[in-house]
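Reading the structure
These are the residues of each chain, in order.
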Amino acid sequence: MRLKNSLRFKNLILSLATFCVSAASLNLNAAEVNVYSYRQPFLIQPIFDAFTKETGVNVNVVFAKKGLAERLVREGKNSPADLIFTVDIGRLIEVVNKGVVQSVSSEVLANNIPSQYRDPEGNWFGLTTRTRSIYASKDRVDLEKITSYEDLAKPEWKGKICTRSGKHAYNLALISSMISHHGEEKATQWLKAVKGNLARKPQGNDRAQVKAIKEGVCDLSLGNNYYYGKMINNKEQYEWANAVHLTFPNQGDRGTHVNISGMALTKSSPNKGDAVKLMEFLSSELAQKMYSEQNYEYPVNQSVAPSGLLQSWGNFRPDTLALSEIAKNRKLAAKLVDQVAFDE
Ligand code: FE
């Protein structure tokens, strides 16, 4: 009898425990969004926290440097992911081409994000823009002599330019835009001439090139604008930033090349309603302001002013070439990099 009672008690405890676990998971299922992110968590976590505060919906983030698109393919319809976050239009299109995202039709997103920064079909949406700028030595460069990407090809810069690999997504997008504007032949000539002007073999990241300018290795480099903000706010790197001007090329004609960071809704999204809510929140004024202040990127939402620091760098006109156009030339851009042996 005693044994029977204790068994009954155990069963009661077990079923209570099961009830608690399923209640907890029910609760989580009702109010969570799962994000796969190539963007580092510290950049987006504060913005997700603001979303949770406003809506009560939790955001879980899986961060990885690569392989998330492949993971979505592998997981198929059982994937827990709702959204994927990445930088660079090429990587966004890659996710779309793998067939793991779905189209979103949202008036809020259409109002907040200019058409040039989102997929006409609704498969991806830009959240921030960043310029591919030319950094120029304060001491050694006359800014009037370097006002465009085309100027980088001039013989006067022989041995004066530093850059990261031509195959990096940021440079591939710039080269793609050169193909769009000038055609393959002229773009190849330009790339070859820039290669001929390099001070050293392409290496390191964007900030390493600014360091090289500070050290006198070169006078000009290519780099995204937000690294200027990061260096200014970094004790060790402040002196690198202080050695250069950040410039916005091609203000006299088509405008400066910009790329985006962006997001897409996964095909299998288990929490679609809340996921779209998060997408809309990220395009809102509050989130856009946070992006600009914390990561020195430009808001895509045109009713939000860039942060004070960004404004202090001056206004610029962005190239209005559609990003989908840039993505189309990506493969050819990579081919040209090989053809002119840019990285060798
Ligand atoms: Fe970056």
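Cut-offs applied
Residues numbered from 1 in each chain as written. Predicted model: local features only at pLDDT ≥ 70, side-chain atom pairs only at ≥ 80, totals over all residues. Heavy atoms only, no water. Helix = DSSP H or I, 4+ residues; strand = E, 2+ residues; numbered from the N terminus. Expected span 1.5 Å × (residues − 1). Buried < 20%, exposed > 50% of the residue type's maximum accessible area, 1.4 Å probe, protein only. Arc of directions from axis to C-beta. Contact = heavy atoms within 4.5 Å. Salt bridge = Lys/Arg side-chain N within 4 Å of Asp/Glu carboxyl O. Donors = N, O, S within 2.8 Å, 3.2 Å for Na, K, Ca; no water.

This part covers helix 2 (residues 41–55). End to end, helix 2 covers 20 Å across 15 residues, agreeing with the expected 21 Å (1.5 Å per residue, within 8%). Those residues of helix 2 that fall on the buried side of the exposure criterion are L43, I44, I47, F48, A50 and F51. Down the axis of helix 2, the buried set is contained in an arc of 150°. They therefore lie on one face. Exposed and oriented more than 90 degrees from the buried face of helix 2 are F42 and K53. Elements in contact with the buried residues of helix 2: strand 1 (32–37), strand 2 (58–63), strand 3 (83–87), helix 11 (272–282) and helix 12 (285–295). With its phi angle positive at about 80°, G56 sits one or two positions after the end of helix 2.

The next subject is the pattern of salt bridges. Summed over all chains, the structure comprises 16 salt bridges. The residue K211 makes a salt bridge to E215 at a minimum N-O spacing of 3.3 Å. With relative accessibility at 31%, the residue K211 sits in the partly exposed group. The salt bridge involving K277 is made with D274; its shortest N-O contact spans 3.3 Å. Within this pair, K277 and its partner D274 are both found in helix 11, separated by three residues, close to a single helical turn. Relative accessible area serves as the criterion here: at 13%, D274 is assigned to the buried category. Within the structure, one salt-bridge network assembled from shared partners comprises R39, R130 and E297.

A few words on the coordination of the iron ion. Around the iron ion, the protein supplies Y170 (OH), Y226 (OH) and Y227 (OH) as donor atoms, at distances of 1.9 to 2.1 Å. Mapped onto the sequence, the donors of the iron ion take the spacing Y-x55-Y-Y. In this pair, Y170 sits in helix 6 (residues 169–182) while Y227 sits in helix 9 (residues 226–232), placing the two residues 57 residues apart along the sequence. A relative accessible area of 8% means that Y170 is categorised as buried. Its relative accessible area of 12% is what places Y227 among the buried residues.

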